[in-house]
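Letter by letter, the chains look like this.
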Amino acid sequence: MTADETREIFLIDGNSLVYRAFFALPETIATSKGQPTNAIFGFASMLVKILTEHGPKSTVVVWDAGMSGRDEVSADYKAQRKSRPDLLREQWPHFEPLVEAFGYRNVKVPGYEADDVIATLAERARAESIDVTIVTGDRDAFQLIEPREDGRGEVKVMATSRGITETKVYDRQAVIDRYGIAPELIPDFYGLKGDTSDNIPGVPGIGDKTASELLQRFGSLETVLASVDEISGAKRKENLTNHADDARMSKQLATAVRDVELDIDLESCLADEPDRGRLREVFREFELRAPLERLEEALGEDAAAPREIAATVLSARAVEGPTAALRELDGTLATLVAERPVPEDDPTVLSQGDTVPPGQESPDEAAPLELSLDVEAASPQPPLRFAAYAGGETVLTGEAESLAAIAAAWGERPVVAHDWKSLAASEEPSQAPPLQHDTIVAAYLLDPAGRAYPLHELAEREGLGAKIDPPSEGQGTGNGLAERAVVTRAVAEIQRAELEKEGLTRLFEEVELPLVDVLVDLERAGVKLDTAKLAEISAKVQEQVETLEGEIHELAGTEFTIGSPQQLGEILFEKLQLSRKRRGKTGFSTDARVLQAIRGEHEIIPKIERWRELSKLKSTYLDALPLLVDQRSRLHTTFNQTSTTTGRLSSTDPNLQNIPIRTELGREIRACFVAEEGHRLISADYSQVELRVLAHVCGEEVLKDIFARGEDVHTATAAEMFGVEPKDIDPGTRSKAKMINFGIVYGLSAYGLADRLDIPQDEAGEFIARYLDRFPKVRQFIDSTIADATESGYVTTIFGRKRRIPELRSRKWQTRSLGERLAVNTPIQGSAADIIKVAMVRCENALRDAGLSTRLVLQIHDELLFEAPVAEVDAASEIVVREMADAYELDPPLAVDAGSGENWLAAK
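Predicted model, so just to flag it, every value in this text is computed and none were measured.

Digging into the overall build of the protein chain
Item 1. A count of helices and strands for the protein chain gives 38 helices and 27 strands.
Item 2. Burial status across the protein chain gives 51% buried among its 908 residues.
Item 3. Put simply, of all contacts in the protein chain between residues at least 6 apart along the chain, 67% involve residues at least 24 apart.
Item 4. Counting only carbon and sulfur atoms, one obtains 46% of the accessible surface of the protein chain, whose full area is about 40300 Å².

Here you go:
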């Protein structure tokens, strides 16, 4: 640093920033392993912000290590502060190492608060002509602000405001503009107004405005107290007189100590540099992806070295072969691997468990190579551009007409891929190479709460390189695609170890991975739609909608847009003066629950509910679905395997899992899903699978006996709860029992049950209490599950699927209650989801082994829909029922209802 350069140092109040980050950010922010990171994320983001906006600066982070004697001045000083929250305590050990990774200095002086250490360092730096920026959320630090003058450095304060990274830099004039007083009067200011956060009393009745006016008029706290007779207001005079000693003590508590004994060489702090490699490791450990991206933008491409394995990515040799001569490429690959020197401590992986001894050539045919395949479809037609990685530094790239062509060249060699379902969507599964590992599915199992799992993020999370972008159109077969193949293989290696550690290997290999090809086949098959019949229904529904619209307008006395919540609210709650329930952002809510609660108040409500039902079904299904069919009138949905935290499959584009079955119109729509000529649809549905899972996991004998006797579980539950014979249970009582049964499964509270049954909360609570008294093992299951999940941070399904639930450890009751509901629901709903996935794989395999052409065409939660030639219906139905019932050995056993027909409704 030359003499002409301005020397500058940042002094950060570590405790202030960490606490502000913790309380500003959701407590549910955590890593995929469940490690809470909201304070770590916020603190790291603040450090990155400083680095990004101000460049690399010498920085000291100061931590509290005592009270600086203020607790002796006032026993109440900070006495109201609670102990450090548990979630923050878990994160606390990681802050100082994070600071060190940035190349910053951690400082704490036993017996002193960070404020006083910062004040002392600022004084010393200023005397050495070093400019100082103090970063804190505490406004009392404004007293340290000084201008640059007489060769002394300037002191400014970067104050956090809302959140953690929104800041404003204050110099002397900025303090005057905000408070009307100079920085040196800040202790006097706090002496008058006090500070509730630190339990500094001040003078009762004096706030910011009055304190500022008094100091502007009289100049100091002492002068204010000596001039009480000149101050207007009897009460104010009385308070200033009676609390004068409190004011003086408050000023003393708010005054920074500037002479703490410190053994710190500021010059050595100015020389510190970031440990860029360690920074990446820390950011990756805590999955701070967004802050890491900003960090690398600030420090450049060499911000932090990736893991050693990423060197393979950077040095991979792209061997490009002839377009159609894949067998030549195959031979080239074998030759390259054979010629590659094999270090004694790093044998080349040829197949699962097979290695080449040092000095021995790889045989051309005998040892199948494990491939990591990445494919880019050349729009709009083949050929496919591909890259294959076979260990070491050898990457093959080329073009092929299809995955089948690649499979023909590779034989039965297993493939490692990222999002195989998307890659194989246009191929017959039997013609595609066998799948050994899918990095997107593995990532989902390891972190089911993730929003998406792009390869570059997985690579970044594992430290395999910062920029692995998806191949773009026109990129050809260059190193970009080759790098993706290498990265896919490297990510897979890391994931395998993590799956084994988390106990997820069996679920991955026996359930999720085989399901990928099942879903590929399912999506390709699609289901046939009778579009003409849908059009007829749509026209009929349109007439009903128009009739209802006229009736609603007549009852309202005016025309309005029924679909507008704001206009509807004005009609219902202002014009018709119906009961107002929940208030939304733009007025009183008009959602379904509100309308249900006020249904009996006016005949307009049932008509609005019916209008909504018909309008939604018409727009979502009747009008939309015919536009999405292919040339054979078949509808193809996309099943998302990696989108729900419970493990359930979801359906999109279009969503075919939400078509209602209980309404007449919903049944008419289902009747439009038909079989091809000469075929029938087979519907196989699990009977009360979630309640059977509940009985199984909690071991409740009473519930098991109900299933064993083959009784209607809701009627039997009502009989058990109310002590009456099943024959005496009326539909209303059964409905309540049904709501409680599923309410228990979904963690429903008394408040939620009261809302759904439209009964008083006390009555709902009594119903739940009766249920749990009659089924005591269910109560034990709920209590133990919540306790275990709170301790471990996660719950598991009967197949070992894990879900992290950080909400359970929140300080907020509402968030904690949500966590409890999730903890109870996930083992039940997640286990049911696992069972249906196992059933899908078993049915697919069994039908194929039996030589049948029956195929799965739809999955709707607990129901599977198959399309079978008429001659295969009986045999296929028998296989499907058997395989679904044997998917898991539950107690009580799984039960399956099956039927067949020309359309979906008839099959049900």
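The rest of the description comes next.
Observations concerning the sheet that holds strand 4 (residues 131–136)
Item 1. In spatial order, the strands read 3-2-1-4-5-6; together these six strands make up an open sheet with mixed pairing. Two strands lie at the open edges of the sheet, namely strand 3 (105–107) and strand 6 (167–170), each paired on one side alone. With strand direction ignored, the average angle separating the axes of adjacent strands in the sheet is 20°.
Item 2. Where strand 1 (residues 8–13) and strand 4 come together, five bridges link them in parallel fashion. Directly across from Glu8, in strand 4, lies its bridge partner Asp131.
Item 3. Helix 1 (residues 14–24) contacts strand 1, strand 2 (58–62), strand 4 and strand 5 (155–160) of the sheet and is inclined by roughly 55° relative to strand 1.

Here we look at the pairing of strand 25 (residues 855–860)
Item 1. Among the six residues of strand 25, five are classified as buried, and the element is accordingly described as predominantly covered.
Item 2. Sheet analysis places strand 25 next to strand 26 (residues 863–869), joined by five bridges and oriented antiparallel. By the bridge assignment, Leu856 is partnered in strand 26 with Phe866.
Item 3. Between the antiparallel neighbours strand 25 and strand 26 lie two residues, among them His861 with a positive phi of about 55°.

Quick notes on empty space enclosed by the protein
Item 1. Taken as a whole, this structure holds five cavities of 30 Å³ or more when the rule is applied.
Item 2. One number sums up the size of the largest cavity: a volume of about 160 Å³.
Item 3. Contributions of two or more residues to the lining of the largest cavity are made by helix 6 (114–127), strand 4 and helix 12 (244–254).
Item 4. Roughly 60 Å³ of internal volume is contained in the second largest cavity.
Item 5. Forming the boundary of the second largest cavity are Arg648, Leu649, Glu690, Gln829, Ala832, Ala833, Ile836, Gln859, His861 and Asp862.
Item 6. When residues in the lining of the second largest cavity are grouped by element, the largest group, four residues, is from helix 36 (residues 813–849).

A short note on the pairing of strand 4
Item 1. The buried fraction of strand 4 amounts to six of the six residues, a majority that puts the element mostly inside the structure.
Item 2. Both strand 4 and strand 5 contribute to a ladder of five bridges, which runs parallel. Note that in strand 5 the partner of Thr133 across the bridge is Lys156.

So, the layout of surface pockets
Item 1. Looking at the largest pocket, its volume works out to about 2000 Å³.
Item 2. Taken together, 44 residues line the largest pocket, and the ones lying closest to its centre are Pro660, Ile661, Arg662, Lys738 and Phe742.
Item 3. Listing elements by their share of the lining of the largest pocket, those giving two or more residues are helix 26 (592–597), helix 27 (604–622), strand 22 (679–686), helix 29 (689–698), helix 32 (731–745) and helix 33 (750–757).
Item 4. In terms of residue count, helix 27 provides more of the lining of the largest pocket than any other element does, seven residues in total.
Item 5. Within the lining of the largest pocket, the residues separate by chemical class into 14 nonpolar, eleven polar and 19 charged.

Things to note about the side chain of Thr715
Item 1. Mapping Thr715 onto the fold places it in helix 31 (residues 713–722).
Item 2. Of the polar contacts made by the side chain of Thr715, one reaches the side chain of Arg734; its length is 3.4 Å.
Item 3. When neighbours within four sequence positions are excluded, Thr715 is seen to be in contact with Pro726, Ile729 and Arg734.

A look at the side chain of Asn825
Item 1. Structurally, the position occupied by Asn825 is in helix 36.
Item 2. Leaving out residues up to four positions away in the same chain, Asn825 has contacts with Thr646, Val745, Tyr746 and Gly830.

Considering the sheet that holds strand 21 (residues 673–674)
Item 1. The strand order across the open sheet built from three strands is 18-15-21, with neighbouring strands paired in antiparallel fashion. What marks the edges here is a single partner per strand, and that holds for strand 18 (634–635) and strand 21.
Item 2. Here strand 15 (residues 527–529) pairs with strand 21 via two bridges, running antiparallel. Looking across to strand 21, one finds that Leu529 is bridged to Phe673.

What about the nonpolar core?
Item 1. Counting residues in hydrophobic clusters, the biggest one holds 143 residues, and the most contacted among them are Leu572, Phe673, Tyr686, Leu694, Tyr771 and Met884.
Item 2. With 14 residues, helix 36 is the largest single contributor of residues to this core.
Item 3. Not counting residues within four places of it along the chain, the set of residues in contact with Phe673 comprises Val527, Lys528, Leu529, Leu625, Leu635, Leu656, Ile659, Leu681, Asn903 and Trp904.
Item 4. Core analysis: the second largest hydrophobic core is formed by 58 residues, Ile118, Ala122, Ala247 and Met249 among them.

Remarks on a negative patch on the surface
Item 1. Residues Glu543, Glu546, Glu549 and Glu559 make up a contiguous surface patch of negative charge.
Item 2. Here Glu559 shows up in the loop between helix 24 (531–556) and helix 25 (565–575).
Item 3. You can call Glu559 exposed: its relative accessible area is 69%.

Some words on the confidence of the model for the protein chain
Item 1. On average, residues of the protein chain score 82 in pLDDT, and 82% of them reach the 70 mark or higher.
Item 2. When the criterion is pLDDT under 50, residues 303–370 qualifies, and its contacts beyond four places in sequence or with other chains add up to 126 contacts.
Item 3. Between residues 470–479, whose pLDDT stays under 50, and residues either more than four places distant or in other chains, the model counts 27 contacts.

Some points on the pattern of salt bridges
Item 1. Enumeration according to the criterion identifies 52 salt bridges in this entry.
Item 2. Its salt-bridge partner being Lys421, residue Glu523 comes within 2.5 Å of it at the nearest N-O pair. Linking Glu523 in helix 23 (residues 505–525) with Lys421 in helix 19 (residues 420–423), this pair joins segments that are 102 residues apart in sequence. Lys421 matches Glu523 in its accessibility class, with the two residues each being buried.
Item 3. Here Arg667 makes a salt bridge to Glu664, at a shortest N to O gap of 3.2 Å. Placement of the pair is Arg667 and Glu664 together in helix 28 (residues 664–670), with a separation of three residues, close to one helical turn.
Item 4. For Arg667, a relative accessible area of 27% gives the class partly exposed.

Focus on the packing of aromatic side chains
Item 1. According to the stated counting rule, one finds 20 aromatic pairs in the structure shown.
Item 2. An angle of 50° between the planes, with centres 5.1 Å apart, marks the rings of Phe799 and Tyr888 as tilted. In this pair, Phe799 is assigned in the loop between strand 23 (794–796) and strand 24 (802–804) and Tyr888 in the loop between helix 37 (873–885) and strand 27 (896–901), connecting sequence segments 89 residues apart.
Item 3. Taking the relative accessible area as the measure of exposure, Tyr888 reaches 26% and is therefore partly exposed.
Item 4. Each member of the aromatic cluster is reached from another via a ring pair, and the members are Tyr19, Phe22, Phe23, Phe43, Trp63, Trp92 and Phe95.
Item 5. In this structure, Arg84 packs its charged tip against the face of Trp92, placed 3.7 Å from the ring centre.

Definitions and limits used
Residues numbered from 1 in each chain as written. Predicted model: local features only at pLDDT ≥ 70, side-chain atom pairs only at ≥ 80, totals over all residues. Heavy atoms only, no water. Helix = DSSP H or I, 4+ residues; strand = E, 2+ residues; numbered from the N terminus. Buried < 20%, exposed > 50% of the residue type's maximum accessible area, 1.4 Å probe, protein only. Contact = heavy atoms within 4.5 Å. Areas by Shrake-Rupley, 256 points an atom, 1.4 Å probe, with all protein chains shown as cover. Pairing = 2+ DSSP bridges. Axes fitted to C-alpha atoms, helices over the stretch in contact; angles between N-to-C directions. 1 Å grid on protein atoms, 1.4 Å probe; cavity = no way out; pocket = protein on both sides within 12 Å on 5 of 7 lines; lining within 4 Å. Points joined across faces, edges and corners; volume = space filled by probe spheres on them. Nonpolar A, V, L, I, M, F, W, Y, C, P; charged D, E, K, R; others polar. Polar contact = N/O pair within 3.5 Å; in protein donor to acceptor, adjacent residues only side chain to side chain. Core = buried A, V, L, I, M, F, W, Y, C linked by side-chain atoms within 4.5 Å. Patch = residues over 30% accessible without salt bridge, like charges linked within 9 Å, V, L, I, M, F, W, Y side chains within 5 Å. Salt bridge = Lys/Arg side-chain N within 4 Å of Asp/Glu carboxyl O. Lys, Arg positive; Asp, Glu negative; His and termini not counted. Charge placed at Lys NZ, Arg CZ, Asp CG, Glu CD. pLDDT = per-residue confidence, 0-100. Phe/Tyr/Trp six-rings, centres within 6.5 Å; stacked < 30°, edge-to-face > 60°. Lys NZ or Arg CZ within 6 Å of the ring centre and 35° of its normal.

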